[in-house]
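Structural characterization, general
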Amino acid sequence: MKETRLGEFEEVILLLVGILGDEAYAFKLSEEFESQTKRSVSIGAVHSTLNRLSEKGFLTSEMGGASPERGGRRKRIYKITALGERILSEARDFRVSLWSQYPGFAGG
Amino acid sequence: MNNNMPKPPKYAERLLCWFLKKELVEEVMGDLNEKFYNTLTKKSLAKAKRNYWYQVLFYCRPFAIKNYRSNSIYFMMYKSYFKISYRNLLKNRGFAFINIGGLALGMSVAILMATWVFDEFSFNKVHSNYEKIAQVLRLNNWGGEFGTSVNGSNVTGLGTLLKETYPDKFKHVLTTNFRIQEVVLSSGTDHFSQQGYFMSPDGPEMLSFDMLYGTRSGLKNKNSILICQSLAHKFFGDQDPVNKVVRLNSRFDLRVAGVYSDFPPNSTFAGTTYTAPLELFTGGTEGLEVWDNYNMKIYVQLQENADMENVSSLIRNAMLPHVEADREETKPTLFLNPMKKWHLYSQFENGTRVKSDRMKMTQLLASIGLFVLLLACINFMNLSTARSEQRAKEIGVRKSIGSRRKQLISQFLTESILLSIFSFFIALAIAWVLLPWFNSLTGKEMVLPLYNYKAWLIGICITLFTGLLSGSYPAFYLSSFNSLHALKGTFKVGWKGTLPRKILVVFQFTVSTMLIISTLLVFTQIQHAKDRSIGYQREGLLVLPKGSPDLYDKYEVLRNELKRSGAVLEVGEANYPLTNTLGNNNEIEWEGKDPDFSPTFNTIRVNFDYGKTINWELIAGRDFSRLYPGEAQQAVIITDSARALMGFEDPIGKSIHFESEFYGGPDFTIVGVVKDMVKGSPFEKVRPAIMFLTEKESFWMFMRLNPGLPISQAITTAEEVFHSVVPNAPFEYKFMEDEYAKKFRSEERIGSMALFFTIVAIFISCLGLYGLAAYMANKRMKEIGIRKVLGASIASLWQMLSKDFIKLALIAICMATPLAYYFLNNWLGQFEYRTDLHWWILAAGGAVGILITLLTVSHQAVKAAVTNPVDSLRSE
């Protein structure tokens, strides 16, 4: 079985795929990543992560439409699978449970 | 789409298509295109293109790269070569380590040296008008023994003249004080003593100051100042310092007009922490028309269309109409020294350019770098050859199943090139780690030129060359084996086979031994100069420049208070510090002087307490004393060499004549003789000196700390007393001991570098020797076994195995000693005060060489000698 733990970068990318919906392809994701996190990232890095997440079964993808600034080339649109959504919510629940055990922040 | 739209870089696209999996090409190229046009809307085309490249390079990830397969025989063959090389490395790990490690070390030294040379040649390139800037130099013919000399000092009048007369030739003319000037700058309660220049307003523009705040035109107002970033930070922290007020020498309130980033160390103007208007230095605009005070440097920047040579000959006689009559005889002519020649090509002898010391140093280091690299290559060759004899069987098999000689050659070459490429990257890492240390050693701030594609190109070329060179011998030699003999194992390597190897070992050891001897000599010479008696006591002596006017007229109070505190034994003053030889005069007359003889004396003005403070050593007569208050302006003390020069047997009470208001007189009486004092370079002859007594206060104050107290306590107490007497002046002192130690810096640098090279060279040679010895012992395993069975002792076996190498080392020493003697005698010749090239230095060098050889070889020899013969004889 492939490893199902999510790294920080993977988690952010997975969330961004969910946020961007029909616009979730490598270039848009890297732009969104940079604008949301203020960290720079190469498209290749994002693409390789998308590829890894697909192999783990968290994402599916299909080819979408073309546009002139892409030189008439199509883009690959990614979608979260049910497994992906479950993994994301597990990750969040885990964080929340950790936060609630932290006395300084409990209840706050 | 419009055809004129900018397009992504073609080569990047091609590269991408070449390595990218086919099924990914469409989406990836689409994404990158979109990214490209997106970047284009925000940034320049060049940036967008660069970003495209960056994106392409970051697609080099395992998931995206296609699996390269080819059925061409060449591809298959090279694949097999790689595989065999790799397996060979793994099989002989120790050997591979020695081989790659040695080569990598040699290469890293070569890289460091190349960085040094690169840095030397890029000196001053930080100034963007590099090509168009020149310094105005002056050629004077003094006649007689003085000959012709080239001097950079000029008069302010010349600067003004050049600017006004040739506006079509000079874009900027910069007049600045000759020597970097130390001043005290203060803001509020902060006082810092800083070095910098007073410049005419063109300076910042011409030298392309990198302004962080304010503008380059700041010096146009004579009540303003530009300061460097680090000084601005010391005064004002992170605030914008523009329009803040800084006080110069407690006299002028200057408005900060701008802040520039500090000059890097490879600029002539490094260390310029402030730049103030020239008029402050000359005292108003009339000071810019002076023709008799040579205290300026003049730089010019040519107009775009002006030619350096032409302008240089145009201004040749510009001074003549303005100089005084006695100067006119010396025919002062001017010429331009372009900026690119300042650093490496500006040494003049008798008015002509000669090869500069810096250039010699650079060439020396470059050749040493090459030598070390050569040593490493030799090692590599030696070990590969020795080792490859064991691969004779492999060659036999390859040959008998149809391998051609050409293929064998390319196999060995591939192997050695692979190793050298591998070594190159390790060497880069080593160089990167060593660089900070190397920087502190050389006092530079170099970085590896990693962003310079030329540097990479040179590096790769040298690597390939190294690989080819070191692989060539084994490749051609081994492939020549007769396959039948090789397979039967009967081929013999006669003296012909081992001779080249022996020659290489001898060469290596000759170089190493020479380096050992040189290092020993450099350190002996430095120690010799350090042990020199300097005529005063530098330990526990503080020197304090009186940069602030508050300090004047306080000498008596300050001296009394400091002495009363117990922290200071004595306080004295002089108009020059103890660590330079400024203040020279040749117009001194004495009884019985030959009228044609006018030697130069170092003349300084001291007060009553100077001698007691620095602890000079009286030989005859007495020290100045307050008991004879009338002797100020009248009495002098001379040094022993001055006495010898004047030819006095008993100089006390003799009088000298010197027309100079500054010193008093004009007739002076000699009251004492002191030992010579080393104030200039400790490697040179001492200058004869005359100390004139004065009651006036001088710029340099000296304090003799009480040796009974710990230094830190004495200084704290002295500082408290100092501030209670003069609250507004900075207590900025220097230890005489440190100042004196600075004189050894460049020699110590050479020493440390020589040591470093010696260690590397020895290490590389030892690695090679170690590998060779291991190989030899291994080859004679059976022989050793049989000898042992027949009763040979360990000692005799050790002797047998070491003998060959010792013989080689002896030959190397015989060659190294005379060579070293020749070169080092030359080197020593440049010092006036020098040690002898003692025989024991040569002997010690040789002995160390032999010892190292013996240690290296013995380890292997003893290991082979103590092996149980059963192990070596069992098989077969």
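Residues numbered from 1 in each chain as written. Chains lettered and ligands numbered in written order. Predicted model: local features only at pLDDT ≥ 70, side-chain atom pairs only at ≥ 80, totals over all residues.

1. Remarks on the overall build of chain B
The helix and strand tally for chain B stands at 28 helices and 26 strands. Buried positions account for 36% of the 876 residues belonging to chain B. Long-range pairs, those at least 24 residues apart, make up 80% of the contacts in chain B with a sequence separation of at least 6. (Helix = DSSP H or I, 4+ residues; strand = E, 2+ residues; numbered from the N terminus. Buried ≥ 20, exposed ≤ 12 C-beta atoms within 10 Å, placed from the backbone. Contact = placed C-beta atoms within 7 Å.)

2. Let's talk about the overall build of chain A
A count of helices and strands for chain A gives four helices and two strands. In chain A, buried positions account for 29% of the 108 residues. Sequence separation of 24 or more characterises 45% of the internal contacts of chain A that already satisfy a separation of 6 or more.

3. Some points on the interface of chain A and chain B
With 18 residues of chain A at the interface, the matching set in chain B holds 19 residues. Every element with two or more residues in the side of chain A that touches chain B is listed here: helix H2 (26–37), helix H3 (43–56) and strand E2 (74–80) of chain A. Of the residues that constitute the side of chain A that touches chain B, the class distribution is six nonpolar, six polar and six charged. (Nonpolar A, V, L, I, M, F, W, Y, C, P; charged D, E, K, R; others polar.)

4. Focus: the packing of helix H15 (residues 405–442) of chain B against helix H16 (residues 453–478) of chain B
Residues and elements named next belong to chain B. Close contact between H15 and H16 brings their axes to 7 Å; oriented N to C, the two are set at 145°. Taken as a pair, H15 and H16 cross one another with a handedness that is right-handed. Residues Ile409, Phe412, Leu413, Glu415, Ser416, Ile417, Ser420, Ile421 and Phe424 of H15 form the contact with H16, whose participating residues are Gly459, Thr463, Leu464, Thr466, Gly467, Leu468, Ser470, Gly471, Pro474, Ala475, Phe476 and Leu478. Of the residues belonging to the contact of H15 with H16, the class tally is 12 nonpolar, eight polar and one charged. (Axes fitted to C-alpha atoms, helices over the stretch in contact; angles between N-to-C directions. Left-handed = near helix turned anticlockwise from the far one by under 90°.)

5. Topic: the environment of serine 384 of chain B
Residue and element names in this part refer to chain B. In this structure, serine 384 sits in helix H13 (residues 357–388). Note on serine 384: 24 C-beta atoms within 10 Å, which makes it buried. Between the C-alpha atom of serine 384 and that of alanine 475, which follows or precedes it by 91 residues, the distance is 9.4 Å. Apart from the residues within four sequence positions on either side, serine 384 is in contact with Ser416, Ser470, Gly471 and Pro474.

6. Details of unusual backbone geometry
All names here are of chain B. The backbone phi angle of asparagine 124 is positive, close to 70°, even though this residue is not glycine. You can see asparagine 124 is positioned in the loop between helix H5 (93–121) and strand E1 (133–141). Exposure remark for asparagine 124: the 20 C-beta atoms within 10 Å place this residue in the buried category. Positive phi values are uncommon outside glycine, yet serine 208 reaches one of about 45°.

7. Comments concerning the environment of leucine 801 of chain B
Considering the arrangement of structural elements, one finds leucine 801 of chain B in helix H26 (residues 794–828). Ignoring sequence-local partners within four residues, the contact set of leucine 801 of chain B consists of Met776, Ala777, Ala861 and Ala864 of chain B.

8. Notes on the confidence of the model for chain A
Per-residue pLDDT for chain A has a mean of 87; in total, 94% of the residues score no lower than 70. Confidence, read as mean pLDDT per element, is least for strand E1 (residues 59–66) of chain A in chain A (87) and greatest for H2 of chain A (92). (pLDDT = per-residue confidence, 0-100.)

9. As for the nonpolar core
Note that soluble globular proteins tend to have their nonpolar side chains buried in a common cluster. All names here are of chain B. Residues Met107, Val372, Ala376, Ile517 and Ala761 are the most contacted members of the largest nonpolar core, which totals 72 residues. Every element with two or more residues in this core is listed here: H5, H13, H15, helix H18 (495–530), helix H24 (745–779), H26 and helix H27 (839–866). In terms of residues, this core owes the most to one element, H24, which gives 13 residues. The residue makeup of this core includes at least three contributed by each of domain 2 (71–123 + 356–492) and domain 4 (495–532 + 736–876). Residues in contact with methionine 107, not counting those within four places in the same chain, are Leu373, Ala376, Ser423, Phe424 and Ala427. Within the second largest apolar cluster, 53 residues are counted, among which are Leu541, Ala574, Leu578 and Phe658. (Core = buried A, V, L, I, M, F, W, Y, C linked by C-beta atoms within 7 Å. Domains from an automatic or database assignment.)

10. Things to note about helix H19 (residues 555–565) of chain B
All names here are of chain B. Of the positions making up H19, those classed as buried are Tyr555, Arg559 and Leu562. Buried residues of H19, seen end-on, are gathered within an arc of 75° and therefore sit on one face of the element. Of the residues in H19, the exposed ones pointing more than 90 degrees away from the buried face are Glu556, Val557 and Arg564. Glycine 566 lies just past H19 and shows a positive phi near 85°. (Arc of directions from axis to C-beta.)

11. What about the packing of helix H2 (residues 25–42) of chain B against helix H3 (residues 45–57) of chain B?
Helices that pack against each other are described as a pair by the angle of their axes relative to one another and the distance between those axes. All names here are of chain B. Between H2 and H3, the shortest axis-to-axis distance is 8 Å and the interhelical angle comes to 155°. It follows from the interaxial angle that H2 and H3 lie roughly antiparallel. Handedness of the H2/H3 crossing: right-handed. For the pair formed by H2 and H3, the contact residues are Leu32, Lys35, Phe36, Thr39 and Leu40 on the first element and Leu45, Lys47, Ala48, Asn51, Tyr52 and Gln55 on the second. Residue composition of the contact of H2 with H3, grouped by class: six nonpolar, three polar and two charged. (Parallel < 35°, antiparallel > 145°, perpendicular 65-115°, else oblique.)

12. Focus: the pairing of strand E8 (residues 245–248) of chain B
Residue and element names in this part refer to chain B. Burial along E8 is one-sided: the residues Val246 and Leu248 are buried and none of Val245 and Arg247 is. When strand E4 (residues 181–187) meets E8, the two strands line up antiparallel, connected through two bridges. Opposite serine 186, over in E8, you have arginine 247 as the bridge partner. As judged from the four bridges shared by E8 and strand E9 (residues 252–260), these two strands associate in the antiparallel manner. Looking at E9, one finds that valine 246 is bridged to leucine 254. The antiparallel pairing of E8 with E9 creates a hairpin that spans three residues between the two strands, and asparagine 249 there sits at a positive phi of about 50°. (Pairing = 2+ DSSP bridges.)

13. Considerations on the environment of phenylalanine 438 of chain B
Residue and element names in this part refer to chain B. Tracing the sequence through the fold places phenylalanine 438 in helix H15. With 19 C-beta atoms packed within 10 Å, phenylalanine 438 lands in the partly exposed category. In this structure the C-alpha to C-alpha distance between phenylalanine 438 and methionine 753, which are 315 residues apart in sequence, comes to 8.9 Å.

14. Quick notes on the confidence of the model for chain B
In the predicted model, chain B carries a mean pLDDT of 84, and the fraction of residues at 70 or more is 97%. Quick note on the complex model: pTM equals 0.70, ipTM equals 0.88.

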